Amino acid sequence: MSRFLTRIVLYVTTDEVDRLVEAWRRERPELDVSPMEVLSRVTRLARHLDRARRSAFAALGLEPWEFDVLAALRRSGAPYELSPGTLLAQTMVTSGTMTARVDKLTARGLVTRRRDDQDRRAVKVALTDAGRAAVDAALDGLLAHERTILANVTPEDQAMLATLLRAVVIPFDDTAG
């Protein structure tokens, strides 16, 4: 579909958010409900993305949290290992939650724990070959689902959307660290 036709379709098609915004404007005309036009769609999209993630990972016997931990290790580059503290920061969970997650992934043979060579008191969590294969396959499946979700959005519009969403997310990321 051409960019022009895509824009026409976007402007003449209504969705559930259009209907709820219209209802609020009718019922509460004194309120500016325009933020709902963006953020309600983001919320609905997040639900669809969560389903896509779960589907992609379930096909490989992974839970989304398992992918998150394995992906953090995989992105770190060879030798694919991180401290538990770094994993905490990248996955935004508590220390107790991370300990339980690493225990479960270790039991499945997807990660190992070892003492840090530089500081024997510290521990490193490392991706095993099985863990690397699992996260690579899961990423392939996830990207296939995500490409399907974005199929009706041109590459140019995807880039613009990414830029706009980054502007919304950055204040949260800046305060989270």
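Note that the coordinates shown come from a computational prediction; the quantities given were computed from them, not determined experimentally. (Residues numbered from 1 in each chain as written. Predicted model: local features only at pLDDT ≥ 70, side-chain atom pairs only at ≥ 80, totals over all residues. Heavy atoms only, no water.)

Undergrad: Before we move on, can you summarise the side chain of Ser40 with the specific residues and values?
TA: Structurally, Ser40 is set in helix H3 (residues 34-58). In this structure, Ser40 is in contact with Val17 and Pro35, ignoring residues within four places of it in sequence. (Helix = DSSP H or I, 4+ residues; strand = E, 2+ residues; numbered from the N terminus. Contact = heavy atoms within 4.5 Å.)

Undergrad: Which residues make up the domain arrangement of the chain, and what values do they have?
TA: Domain assignment breaks the chain into domain 1 (9-59) and domain 2 (62-146). Between the C-alpha centres of domain 1 and domain 2 the distance comes to 33 Å. The interface of domain 1 with domain 2 comprises seven residues on the first partner and nine residues on the second. Together, the buried faces of domain 1 and domain 2 total about 760 Å²; carbon and sulfur atoms form 66% of this surface. (Domains from an automatic or database assignment. Buried area = accessible area lost by both parts, 1.4 Å probe.)

Undergrad: Any details on the layout of surface pockets? Residues and values, ideally.
TA: Here the second largest pocket defines a volume of roughly 160 Å³. Every residue along the wall of the second largest pocket is listed here: Arg53, Phe67, Asp68, Ala71, Ala72, Arg75, Gln90 and Thr91. Within the lining of the second largest pocket, the residues separate by chemical class into three nonpolar, two polar and three charged. (1 Å grid on protein atoms, 1.4 Å probe; cavity = no way out; pocket = protein on both sides within 12 Å on 5 of 7 lines; lining within 4 Å. Points joined across faces, edges and corners; volume = space filled by probe spheres on them. Nonpolar A, V, L, I, M, F, W, Y, C, P; charged D, E, K, R; others polar.)

Undergrad: Describe the sheet that holds strand E3 (residues 123-127), naming the residues involved and giving the relevant values.
TA: The strand order across the open sheet built from three strands is E1-E3-E2, with neighbouring strands paired in antiparallel fashion. Taken across any chain shown, the strands that pair with only one partner, and hence form the sheet edges, are strand E1 (81-82) and strand E2 (111-115). (Pairing = 2+ DSSP bridges.)

Undergrad: Hey, could you go over the nonpolar core for me, with residue numbers and the actual values?
TA: Grouped together as the largest cluster of nonpolar side chains are 23 residues, with contacts concentrated most on Phe57, Leu62, Phe67, Leu70, Leu73, Leu87 and Val111. No other element matches helix H4 (residues 64-75), which puts six residues into this core. Not counting residues within four places of it along the chain, the set of residues in contact with Leu62 comprises Phe57, Leu70, Arg108, Leu110, Ala134 and Ala138. (Core = buried A, V, L, I, M, F, W, Y, C linked by side-chain atoms within 4.5 Å. Buried < 20%, exposed > 50% of the residue type's maximum accessible area, 1.4 Å probe, protein only.)

Undergrad: An account of the UniProt feature "domain: HTH marR-type" (unreviewed entry) in the chain is needed here, citing residue identities and associated values.
TA: With numbering aligned to this structure, UniProt lists the feature "domain: HTH marR-type" (unreviewed entry) at residues 35-170. A distance of 17 Å separates the end C-alpha atoms of residues 35-170, which is 69% helix and 9% strand. (UniProt positions renumbered as here; feature names shortened; annotations may be inferred.)

Undergrad: Break down helix H2 (residues 16-27) for me, with residues and values.
TA: Between the first and last C-alpha of H2 there are 17 Å, a value that for twelve residues agrees with the 16 Å anticipated at 1.5 Å per step. Two to three positions downstream of the cap, the backbone nitrogen of Val17 sits 3.2 Å from a side-chain oxygen, assigning the N-cap of H2 to Asp15. (Expected span 1.5 Å × (residues − 1). Polar contact = N/O pair within 3.5 Å; in protein donor to acceptor, adjacent residues only side chain to side chain.)

Undergrad: Help me get a handle on a nonpolar patch on the surface, residues and values and all.
TA: Among the surface-exposed residues, Val38, Leu39, Val42, Leu161, Leu165, Val168, Val169 and Phe172 lie close enough to one another that they form a single nonpolar patch of about 660 Å² accessible area. Secondary-structure elements contributing two or more residues to the nonpolar patch are H3 and helix H8 (155-176). The greatest single-element share of the nonpolar patch, amounting to five residues, is contributed by H8. With respect to the element layout, Leu39 can be found in helix H3. Relative accessible area serves as the criterion here: at 46%, Leu39 is assigned to the partly exposed category. (Patch = residues over 30% accessible without salt bridge, like charges linked within 9 Å, V, L, I, M, F, W, Y side chains within 5 Å. Areas by Shrake-Rupley, 256 points an atom, 1.4 Å probe, with all protein chains shown as cover. Salt bridge = Lys/Arg side-chain N within 4 Å of Asp/Glu carboxyl O.)

Undergrad: Explain unusual backbone geometry to me, and be specific about the residues and the numbers.
TA: Cis geometry is found at the peptide bond from Ala78 to Pro79, where omega equals 10°. In this structure, Pro79 sits in the loop between H4 and E1. Positive phi values are uncommon outside glycine, yet Tyr80 reaches one of about 60°. One can find Tyr80 in the loop between H4 and E1.

Undergrad: If you had to explain the packing of aromatic side chains to someone new, which residues and values would you point to?
TA: Taken as a whole and assessed by the stated rule, the structure comprises one aromatic pair. Pairing Phe57 with Phe67 gives two aromatic rings, centres 4.4 Å apart and planes at 20°, and the pair type is stacked. Of this pair, Phe57 sits in helix H3 while Phe67 sits in helix H4; the two residues are ten residues apart in sequence, bridging distant segments of the chain. Assigned by exposure class, Phe57 and Phe67 land together as buried. (Phe/Tyr/Trp six-rings, centres within 6.5 Å; stacked < 30°, edge-to-face > 60°.)

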